[in-house]
Amino acid sequence: MTTYWCERAWLSDGIADAVRIEVDGGKIVSVTADAPRAGTVLSGLTLPGFANGHSHAFHRALRGRTHHDRGTFWTWRERMYSLASRLDPDSYYRLARGVYAEMVLAGYTSVGEFHYLHHAPGGKPYAEPNAMGGALRQAAKDAGIRLTLLDTCYLAGGIGVEPDEVQRRFSDGTATKWAHRAGELREDETFRVGGAIHSVRAVPEDQLSEVAGGIGPLHIHLSEQRAENEQCVAAYGRTPTELLHDRGVLGERLTAVHATHLTPGDIKWLGAAGSRACFCPTTERDLGDGIGPARTLLDAGVRLSIGSDSNAVVDAFEETRALELNERLASEKRGRFTAEELLAAATDHGAVGWDEVGALAPGAGADLVTVGLGSVRTAGIEPSGVVFAASGADVRDVVVSGREIVRDGTHQLIDRPETVLAKEIEALWQS
């Protein structure tokens, strides 16, 4: 049994003082407010761990390297494809290990990795067909973060278009072959498996249902850009959401990533199906995708989550408050979300299959994040204002499944993650 004493903690019924949290076997056993000081002291405000619902770990190597020629989408895409062609299981492990360490330092305790970099260049399978996924699994374990590998089906280079040379690394050829390979993955205490449809552009209509027929969480890039909608309507006479509805893909397992350019009808379909939506505000603004209808989706019954996506920014607080701030820009009104609604979105581990995580309550997974309230950013704020004032740099302590991963702002498993990242990213671009 491990005991933590929190100066303050954000519980399901609000923020409480002097909270004792007892942990055993990776789960919270008891939570007691106004408790005497005992055990490991966590100074500041302790929150449930944040959930990163959507990540492409290898995109982290693009940070600060796509701004030339005014940083168009095509500049970014060309650099991304160049990077994808350079990775192998060993280099991907080393890079992802640093990326996942950065995530834990920023307050994330679980990550959904939208994984489509499956094969060797040219599309030839590795001797171990899931070698690239295995590299991510080991990287997450070594960095101390829960990982859901959202193994992604990616079969086409566009609607009716064959994969190009780089995209052949992503493709298994058919949904049946994808399901067979992904079905070989095995879960453990901190590793779970889900599925993903890359997009309606990358999986033909007649194979959508097969991909959706698995178990665990199911994700899809949905209506990220207007061009995707236009191409789908031109090819199928329906929006991407309508196409998913007609093919039986919508449902409680599904998380629509981005969900930026939706029609009122799309929103009704998603709400009626009980689906989720994962917003990735820092990437959506980096790529110039637009601002999605987060408030309208939540009001329609669509549960919200957040993700770091391209990892241009890795900061759980930045993603969380952007839900509110982007809504203010789009609606020209303040107060679109309460602090409690923002925290619920930030801690929705169920979106990546960890339903038991995301609350400081008996029986929940023991994921705790403590934020300092004495930095230049947080000094003088009300504790609930951390969602608007704090940054990842204010995260002091992180516990994942009862295991202390960050203490006093220092990662306990990986020495100087920034050095790891610098070394591996530089090596990739020089290769």
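Residues numbered from 1 in each chain as written. Predicted model: local features only at pLDDT ≥ 70, side-chain atom pairs only at ≥ 80, totals over all residues. Heavy atoms only, no water.

Student: Tell me about the sheet that holds strand β2 (residues 14–24), residues and numbers included.
Tutor: An order of β3-β2-β1-β4-β13-β14-β15-β16 is seen for the eight strands of this open sheet, with the pairing classed as mixed. The open sheet is flanked by β3 (27–32) and β16 (410–411), the only strands paired with a single partner. Bridge count for strand β15 (residues 403–407) against β16 is two bridges, and the pairing is antiparallel. Note that in β16 the partner of V406 across the bridge is H411. (Pairing = 2+ DSSP bridges. Helix = DSSP H or I, 4+ residues; strand = E, 2+ residues; numbered from the N terminus.)

Student: Describe the state of the cysteines, with residues and values.
Tutor: Put plainly, a disulfide is one covalent bond tying together the sulfur atoms of two cysteines. Tallying each qualifying case throughout the model produces zero disulfides. C153 takes part in no disulfide bond, and the closest cysteine sulfur, belonging to C232, lies 16 Å away. The exposure class of C153 is buried, given its relative accessible area of 0%. (Disulfide = S-S within 2.5 Å. Buried < 20%, exposed > 50% of the residue type's maximum accessible area, 1.4 Å probe, protein only.)

Student: Quick rundown of the sheet that holds strand β7 (residues 146–153)? Include the residues and the values.
Tutor: What the eight strands build is an open sheet, ordered β5-β6-β7-β8-β9-β10-β11-β12; its pairing is parallel. What marks the edges here is a single partner per strand, and that holds for β5 (50–55) and β12 (303–306). Neighbour-to-neighbour, the strand axes of the sheet open up by a mean angle of 25°, direction not taken into account. With six bridges connecting them, strand β6 (residues 108–115) and β7 associate as parallel partners. Residue pairing in the sheet places V111 in a bridge with L147 of β7. Across the face of the sheet, helix α3 (residues 131–143) comes into contact with β6, β7 and β8 (191–197) while running at roughly 165° to β7. (Axes fitted to C-alpha atoms, helices over the stretch in contact; angles between N-to-C directions. Contact = heavy atoms within 4.5 Å.)

Student: Any chance you could break down the nonpolar core for me, citing the residues and the numbers?
Tutor: Side chains that are nonpolar tend, in soluble globular proteins, to be buried together. Membership of the largest hydrophobic core comes to 110 residues, with the highest contact counts inside it found for F58, L95, Y100, L244 and L297. Ranked by residues supplied to this core, first place goes to helix α2 (residues 89–105) with eight residues. Residues A16, L360, L368 and V399 belong to the second largest nonpolar core, which totals 14 residues. (Core = buried A, V, L, I, M, F, W, Y, C linked by side-chain atoms within 4.5 Å.)

Student: Tell me about the pattern of salt bridges, and please be specific about residues and values.
Tutor: Once their charged atoms are close, side chains differing in charge can pair, the charge on each being opposite to the other. Applying the stated criterion to the full structure yields 26 salt bridges. Among the salt bridges present, the one from D172 reaches R181, with a minimum N-O distance of 2.9 Å. Note that E418 is salt-bridged to R416, the shortest N-O span being 3.4 Å. Judged by its relative accessible area of 42%, E418 falls in the partly exposed class. Relative accessible area serves as the criterion here: at 48%, R416 is assigned to the partly exposed category. Where salt bridges share partners, they join E205, R238, D246 and R247 into one cluster. (Salt bridge = Lys/Arg side-chain N within 4 Å of Asp/Glu carboxyl O.)

Student: Describe the pairing of β6, and please don't skip the residues or the numbers.
Tutor: Of all eight residues making up β6, eight are buried, and the element is well covered by its neighbours. Two elements, β5 and β6, share four bridges in a ladder whose sense is parallel. Directly across from N52, in β6, lies its bridge partner V111. Once you follow β6 into α3 and on to β7, the crossover reads as right-handed. (Right-handed = clockwise from strand over helix to strand, strands pointing away.)

Student: Give me the lowdown on the pairing of β7, citing residues and values where you can.
Tutor: Counting buried positions along β7 yields eight of eight residues, so the element is predominantly enclosed. Residues R146, T148, L150 and T152 of β7 are buried on one face, and the alternating residues L147, L149, D151 and C153, pointing to the opposite face, are buried as well. Where β7 and β8 come together, seven bridges link them in parallel fashion. Bridge pairing in β8 links L149 to V193. For the crossover that starts at β7, traverses helix α4 (residues 175–182) and ends in the parallel β8, the hand is right-handed.

Student: A description of unusual backbone geometry should follow, citing residues and the corresponding values.
Tutor: Positive phi, close to 50°, is recorded for S401, a residue that is not glycine. Of note, S401 is situated in the loop between β14 (395–400) and β15. A relative accessible area of 15% places S401 in the buried class.

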